[in-house]
Structure formats: structure tokens, C-alpha cells
Amino acid sequence: MSDSTSSVGHRDLANAIRALSIDAVEKAASGHPGMPMGMADTATVLFTRFLKFDPSEPKWPDRDRFVLSAGHGSMLLYSLLHLTGYSDITIEDIKNFRQLGSPCAGHPEYGHGAGVETTTGPLGQGIATAVGMALGERILAARFGDDLVDHYTYVIASDGDLMEGISHEAISLAGHLRLSRLIVLFDDNGISIDGPTSLTESGDQVARFEAAGWSASRVDGHDPEAVAAAIESAKASDRPSLIACRTIIGYGAPKKQGTASAHGSALGAEEAAAAKAALGWSYPPFEIPAHIRSAWLEFGKRGKPEREQWQRRLVNTSPDVQAGFKRAIAGELPAELGAALSSYRKALTEKPVKVATRKASEMALEVVNANVAETIGGSADLTGSNNTRTKGMEAIEANDFRGRFIHYGVREHGMAAAMNGLALHGGIIPYSGTFLVFSDYCRPSIRLAALMGQRVIHVMTHDSIGLGEDGPTHQPVEHLSALRAIPNLNVFRPADAVETAECWEIALRNTKTPSVMALSRQNLAQVRLTHSEQNLSAKGAYVLEPANGKAQVTLIATGSEVEIAVQAKKLLETEGIATTLVSMPCMDLFEQQDPAYRISVIDPTSVRVAVEAGISMSWDRWIGDNGAFIGMTTFGASAPYQILYKHFGITPENIVKAAKARL
């Protein structure tokens, strides 16, 4: 350790964080200064004594992960990244906190700057995502060995994080799996936006975590030695750990510390100046004196020798392990996958099958999982219904992470966030299952996956009234349109086994986009009977059956309604009405195609009729003012699915009637 580092005490290091946070929030006239001021001591201990990282190689696979779940306190993270030498966060960026184009956004955003491991801000998401990261570390360690994978995941979480329902799912799963490399530092400041947490909370967080199978302790968050001892103890535990760090929000601000007024707005010039005076910080705004700056940079270099040793170990490992590890971290698919899926699709056309697309998904996954070692499956207690566990997939269990299947339990929201964490960790392609109606429970995490551009695949079965007797509580009606409204999310609804295999290949190849597979419970006739080396679903929609002549009518259908549209086309053609049948397995991808292709598929001069057992909200663009929609306008009902389709008018006869009425 250099002289500059040893001569600078903990107080000055922590106060540098406080000063930058005060200045940035004050200049932006918005933000949350209280949390960075309160947690500066704890964070300083973590970054200077424990966290394994190297700003010169921020994507080092074996770095420790740090998640600021309390994303509103983002200046804590930006200050730490700048001070330790991350080149992406300059002092000018900090001066432009919360301004357009600055990587220092109001809440940490993945991809805006190195060192931001995940997007946080929606409370509870960070800690739940961190569970996935910690799980990913154990999975890869089991596969590649501790010489290549041996790191921790640290979280700073707030009262709000632990109030959110997702936190209950996350800590329960982490405790069950005994994720001992997960350490949560709880900013136990007793303050929320409305005032003291006693307004809304009377539980004991330490007891709660202990009941979930965690190690848990309490410390004074402003005592660096106590914090360090607690982290040392947590690292030695065989369980995940919570350290409740009792802190004072807005630490140092004479009038506002310990109050809600320090939480979500600038201190104000007078209070900011008084806080700096109380802290003994006499430097101008945004100025870090050279000796403190140098000390922080030295701490930032602390991990470089360890990273270099790790790289030597990687080079010296066996060629097969080295190649497998590099490919996994890069997120690359094996070259053999395309040929394997093409051969599988060809076999289907030679011997057609009538199966539910949930079963077709399982069949496709048999091919995928045999060729892609990085896929990790799972289900929210619906394995037999979602068909996400293929032959030979062993379950991941506490202290045995060699398997490839995760039993998430009835924890849909926690599952979706954990999958984000698995993807963000790297080396894993996560997929898991639930019912489509429960996408509402997953939606915040799905939205963050889309925002972060993560390859996370949600298998969502029982996708319509076609599930039958379970009734309207389980029958998704609005969900397809609601999911399609999320930018950068591909919603797939394949019509048969061939399209299902194609959709799986697309989802796997889209490394920057999450996917939803909306799959049927009921068996569907195979509509693709001629093999194509080309993935016809890749453009989102294609002509399944061309018109006999110039098209007067274009039928557009998805999923289970394609076979109904096939029958309607036959009836129309029998009456001499030339009809094109379009299958649209992914509206999102079709929208991305050039206008010429879209017009070649959906003739705008024809009468257009869309058929989908959901609401019409996402269809208006494709059918036009004179078009018709055959689908749902209300919730469903409880009955066998054949009766429901007739009851709600989703029949070939109604399709024909709607088309003829517009000719």
C-alpha cells in the first residue's frame, strides 16, 4: 500500500463520497443525498477492504458483483466508481448528474457505464437480481471450478427494498439454496419518504432473514471496524448473510440528518454548506484533494494483481475448459445448433405431430439443451405444465449446483428477477416457466430485462381460453397486448411444433432482447408441412398459404388460432374468394421489417381479418380501418375449450362472415 493511501484515513475517504453526492444532487436540484451520506462509511469499508474488482478490466468474469439495490442513492455508486478509477465515470459526468447523455442517470442503468452491474431503482429488484447473480456464480463454479469462478455478490439494500413483496420471494429462495456468496448490507436508517419507517413497519428484519435461513447480524454502520468484522464473519458463513447497518440518513447535515427531508431532495445551499463544515470538508464543489483522490485510486488498483493471477490460471487450464468458459462468458451459441434445429424441423415435416405448443417447446428444448450447455431451465412450481425440464436435467440444490434445472417454487416475480441476475452474471442463458396469466407477477422484471437488453426467455403456457375449465382467473385475455407494449421484448406465439422450434432459435440468437414464449395447453394440428432451411418465423410473419389469385382477403392469425384460420381460408376459397393466410408468430419482429416485406405479406388493398384469442389492442395497425378482429372482448369463462371457442365466436364461420361483410 502506498504512502498516499496509508496517510488518508477512513473519514476522509468516506467524506469524499458524501461531498460528491451533496454537490451532484445540489447542482441537479434533484436526487437523493441522504442515503449516500448515510452509507458512505459502510461502502468505503466494502470497496477498500473487501470488494474484488479491477477498473482497468471492468468485465473481469471473476470480479465480485456489487448491486446498489437502493438505486435512488445512485450518487453513492457513481462516486465510488469515479474515485476508484473507472474511466466511464468522469468528474464532468458527475457534474451532469441526472442530465441527458450523462452515464450518471437518476438511477443506475446497466450499460451506461462500467461498474453498474444492473439497473436498479424499482425497489426490491436489485436484491432479487443479486440472488440470480449469486446463483450464477455457484453454477459456473460447479461447472468450471473454483480456479476460474470464486467471487461474492454484495448488495446495499434499503428499507423500501425489504418492504417490497419481491424481497420475500428472493430471500426465501436464497436461503433455501444456501447461497453463501451473497452478502446484503442493509441500510437500516429507519427513514422512508413519508417519515419514520415506524409509520408502516414493525417487523424485525434480522429475525425475518434468520427465519429464511440466512445468517444475520446488526452493526453500527458508521463504525468501520464493526462493519469490517461483520463482513469477515459473513464471508465465513455457509449461508447468505444480512448485515443490518444502523445508519443516520443524511449523516452530517445539521438540520436534516435523521429525517425524511434528507431522503429525496437536495439539501439546499445553506444546509449543504453546513453539512460540509460539520464533516470538516473545506474544499470547493466537485473538488477532491490530490491526496484523497490518490488514495482512492490506489484502492482501485488493489484487485489488479489478483485479476492478473486469474488470467494466468485461465491460460493454463485445459484447452477444452478454457474454450468452454470463454464461449459461455461471451454468450455465443455453438455452431452445431442451427443444423441440429434444422434437422429437427425437417423431421417434423416428414412426420407431422399434433401436440400442444407447450409440448412442442419441450421437444425443441430437447434439441437445444443437448447442444447448448449454457441453458439453465426452471419453473415456478409448474414443471409438469410448462414442460421446461428435459431429459437428464438434474435439479440444482443447496450445496450441489451441478444441475441445470431450478425449482423456483411459487415465486414468479422472484424467479423473473433471478433470471435477470443469471443473465447479467454471464455464462448462463436462463429460461423458466409459468402460466401466461401470471406474467403480471413477472412484468416489472421482464421490463427491466428489456431495458437492460438481456437474453432471458420466459416460457408462458396456458396462453388463452384454450386452457378451458380453470376459467377466467387463469385465462389470459389482455396479456399478449400488454406484453407487446414493452419495448425490446419479443413476444412469440407459435402455431405448431415447427414454428415453436423456429421461435426458440430466434430467442436464443437475440442476445440483446428478452423473449416470451406464449404456448398453448391444447393440442394443435401441425400447419407447416413443407420443410424450409430458412427460419420463416425470423421476420415475425410470413405467408403460410398464398391466395389462389389476387388476394381479396388476408387472414392473419397467431398460435392456436392459425389452425382455425386454415379452415376459414378453405371456406372462403370454396366460395371463390381469393384468400391469403398469414401466420404471425412474433408481431414485434414483423414490425421491424422494411415496408416492402410487410406489404408483400399483408396486402393493404385486401380485406384484413386478424384472429387471436385475446383482445384487439395490438392489432389495429395490421388490420386497418376496414379490417375485422375475431377474438376476445371480455374475460373468459369456465368450460371445455371447444365450447369456449364457439361461445366467444372464434370459429371459421365467424371469420368468413366478417370477411364477406367487408368485401
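Residues numbered from 1 in each chain as written. Predicted model: local features only at pLDDT ≥ 70, side-chain atom pairs only at ≥ 80, totals over all residues. Heavy atoms only, no water.

### Thoughts on the pattern of salt bridges
- This model, assessed by the stated rule, comprises 32 salt bridges.
- Residue Asp-62 is joined to Lys-52 by a salt bridge in which the shortest nitrogen-to-oxygen separation is 3.0 Å. With a gap of 10 residues between them, Asp-62 in the loop between helix H3 (34-50) and strand S1 (65-68) and Lys-52 in the loop between H3 and S1 connect regions that are remote in the sequence. Lys-52 shares its class with Asp-62; the two are buried.
- Notably, a salt bridge pairs Glu-270 with Lys-255, separated by 3.9 Å at the nearest N-O pair. Of this pair, Glu-270 sits in helix H11 (residues 269-279) while Lys-255 sits in the loop between strand S7 (241-246) and H11, and the two are 15 residues apart along the sequence. (Salt bridge = Lys/Arg side-chain N within 4 Å of Asp/Glu carboxyl O. Helix = DSSP H or I, 4+ residues; strand = E, 2+ residues; numbered from the N terminus. Buried < 20%, exposed > 50% of the residue type's maximum accessible area, 1.4 Å probe, protein only.)

### Focus on the environment of Thr-513
- Looking at the secondary structure, you find Thr-513 in the loop between helix H21 (497-509) and strand S13 (515-518).
- With a relative accessible area of 11%, Thr-513 lands in the buried category.
- Considered as a pair, Thr-513 and Ala-450 are 63 residues apart in the sequence and their alpha carbons are 6.1 Å apart.
- For Thr-513, the residues in contact, after removing those within four places along its chain, are Gly-453, Gln-454, Arg-455, Asn-488, Leu-489 and Asn-490. (Contact = heavy atoms within 4.5 Å.)

### Some details on the environment of Trp-60
- With respect to the secondary-structure elements, Trp-60 resides in the loop between H3 and S1.
- Residue classification places Trp-60 among the buried positions, given a relative accessible area of 3%.
- Separated by 39 residues in the primary sequence, Trp-60 and Ser-21 have C-alpha atoms spaced 27 Å apart.
- If we skip the residues at most four places from it in the chain, Trp-60 touches Lys-52, Phe-53, Asp-54, Arg-65, Gly-303, Glu-306, Arg-307 and Trp-310.

### Notes on the pairing of S13
- Of the two faces of S13, the one holding Ser-515 and Met-517 and the one holding Val-516 and Ala-518 are both buried throughout.
- Of the strand pairs in this sheet, strand S11 (residues 457-461) and S13 are connected by 4 bridges, and their pairing is parallel. Bridging across to S13, Met-460 finds its partner in Ala-518.
- Note: strand S12 (residues 490-492) against S13, 3 bridges, orientation parallel. If you follow Val-491 over to S13, its bridge partner there is Val-516.
- Note on the crossover from S12 through H21 to S13: the handedness is right-handed. (Pairing = 2+ DSSP bridges. Right-handed = clockwise from strand over helix to strand, strands pointing away.)

### Examining the side chain of His-82
- Tracing the backbone through its elements, the reader meets His-82 in helix H4 (residues 74-84).
- Taking relative accessible area as the criterion, His-82 reaches 8% and is therefore assigned buried.
- When near neighbours in sequence (up to four residues on either side) are disregarded, His-82 contacts Leu-20, Ile-89, Thr-90, Ile-91, Ile-94 and Arg-293.

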